[in-house]
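Observations on chain architecture
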Amino acid sequence: MARQIEEWIRPNIRALAPYSTARDEYEGELGIYLDANENPYDNGYNRYPDPHQRVLKRQIARIKGVSAERIFIGNGSDEPIDLAYRVFCRPGVDNAVSIAPSYGMYKVAASINDVEFREVPLRQDFSLDEEALLAAADERTKLLFVCSPNNPSGNSFPREQLLRIVDRFPGMVVVDEAYIDFASQASLLADLERYPNLIVLQTLSKAWGMAGLRLGLAFASPRVVEVFSQVKYPYNINGLTQRIVGERLEHPVDDQVHELIAQRERMLRELTGCPVIRQVFPSDANFVLVKVDDPRGVYEALIEAGIIVRDRSRMIGCAGCLRITVGTPEENDRLIRVLKQMK
Ligand code: PMP
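Residues numbered from 1 in each chain as written. Predicted model: local features only at pLDDT ≥ 70, side-chain atom pairs only at ≥ 80, totals over all residues. Heavy atoms only, no water.

Further remarks concern the overall build of the protein. Looking only at helices and strands, the protein features 13 helices and 11 strands. Taking 343 residues into account, the globule formula puts the C-alpha radius of gyration at 20 Å, and the protein, at 22 Å, falls close to it. Its C-alpha atoms put the protein at 70 × 50 × 30 Å along the principal axes. The burial tally for the protein puts 53% of its 343 residues in the buried class. (Helix = DSSP H or I, 4+ residues; strand = E, 2+ residues; numbered from the N terminus. Rg over C-alpha atoms; globule rule 2.2 N^0.38 Å. Buried < 20%, exposed > 50% of the residue type's maximum accessible area, 1.4 Å probe, protein only.)

Shown next as structure tokens:
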């Protein structure tokens, strides 16, 4: 498998002589830095940040139970999504396969990189037809995207099914676990060592409450992490983000996550009783997907009431669907009250 991964990497990337930063050439702490053409007057930000985010990686390794050499830190999950294309897919030649509906950036990043994107619809109940997914791949399929829990449907796919796909697909499988902290099912992180072709994406934008700081994580084999690191912008995570994330990671968010899960369960219950709502889909995430007869009308009526939700009704398999994020108890009270009054 290790040899295969080497072959899947685009030849120009395999042959890349990556940029070497001033701090790569000298790593110690001597005190007088005349190597990086910085302004020497200390204001807290005058030095370049650590391009390898060593301190953060040690911290994340401890929290996630994954060794630091298997961790890539990106400017949001969107960075490793884009990097996966840039590293593995030859523009105009290779292709990627994904479930649909799912997170929109897989497709946008494919288009930007001139990579054919093949969407395999989920079943009507949003379950995953793994045979159809694998059948959509051919010898030029280098990437396969599965999001679990899936956005916007909210459901998780069984672990055994995901692992079977990773096992059977001869290419890189990206499993996006952006919402895993809200799920009852365990992450695939524990399976990384067994599957060198697995890339698990997580993010600090959801449960951890740091969307504004932009920090996404890709967990993968050390070789994949090494190549991603060679291709990324050298200073992709700015110094302020590295510092603040480091501080915030010391404060667990378990209480908030439990509260959000409890509120999600309450929303699932209460929304089921709203006359305007035809169907409430099960959710393992921090949002719920509901089906209505007139999604635009309901969307606009909610806007009138000062509440913004996401109209997903034009996505594959989502006719009539609105996606509603779980808010604070007070925000959810308001949402439920407004929806209950609608006919
Ligand atoms: N993956 C999924 C499934 C998402 O829904 C989102 C955000 N909506 C992301 C990734 C992006 O996360 P980030 O903020 O880390 O770029």
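Back to the write-up after that little detour.
On to the packing of aromatic side chains, then. The final tally for this structure, using the stated rule, is seven aromatic pairs. When the ring of phenylalanine 72 is compared with that of phenylalanine 228, the centres are 5.6 Å apart and the planes differ by 90°; the resulting orientation is edge-to-face. With a gap of 156 residues between them, phenylalanine 72 in strand β1 (residues 71-74) and phenylalanine 228 in helix α9 (residues 222-231) connect regions that are remote in the sequence. You can call phenylalanine 72 buried: its relative accessible area is 1%. Residue class for phenylalanine 228 comes out buried when judged on its relative accessible area of 2%. Grouped by ring-pair contacts, the aromatic residues Tyr85, Tyr103, Tyr106 and Phe145 constitute a single cluster. (Phe/Tyr/Trp six-rings, centres within 6.5 Å; stacked < 30°, edge-to-face > 60°.)

With that settled, the discussion passes to the site of the ligand. Surveying the vicinity of the ligand reveals 13 residues, the closest of which are Ser77, Asp176, Tyr179, Thr203 and Ser205. Of the residues in the shell around the ligand, the class split is four nonpolar, five polar and four charged. (Near = heavy atom within 4 Å. Nonpolar A, V, L, I, M, F, W, Y, C, P; charged D, E, K, R; others polar.)

What follows deals with the pairing of strand β3 (residues 116-121). Bridge count between strand β2 (residues 95-100) and β3: six bridges; the pairing is parallel. When the sheet's bridge partners are listed, valine 97 is paired in β3 with arginine 118. (Pairing = 2+ DSSP bridges.)

Evaluation of the coordinates by the stated rule reveals two cavities of 30 Å³ or more. When its residues are assigned to classes, the lining of the largest cavity shows seven nonpolar, four polar and one charged. In the lining of the second largest cavity, the residues fall into five nonpolar, two polar and three charged. (1 Å grid on protein atoms, 1.4 Å probe; cavity = no way out; pocket = protein on both sides within 12 Å on 5 of 7 lines; lining within 4 Å. Points joined across faces, edges and corners; volume = space filled by probe spheres on them.)

A few words on the state of the cysteines. Tallied over the entire structure, the rule returns zero disulfides. Cysteine cysteine 318 is unpaired, with the sulfur of cysteine 321 as its nearest cysteine sulfur at 4.9 Å. According to the relative accessible area criterion, cysteine 321 is buried, its value standing at 0%. (Disulfide = S-S within 2.5 Å.)

In terms of domains, the protein is made up of domain 1 (2-18 + 48-248) and domain 2 (254-341). Placing a centre on the C-alpha atoms of domain 1 and another on those of domain 2 gives a separation of 28 Å. Taken residue by residue, the interface counts 21 residues in domain 1 and 18 residues in domain 2. Summing both partners gives a buried area of about 1500 Å² for domain 1 against domain 2, and 65% of it is carried by carbon and sulfur. (Domains from an automatic or database assignment. Contact = heavy atoms within 4.5 Å. Buried area = accessible area lost by both parts, 1.4 Å probe.)

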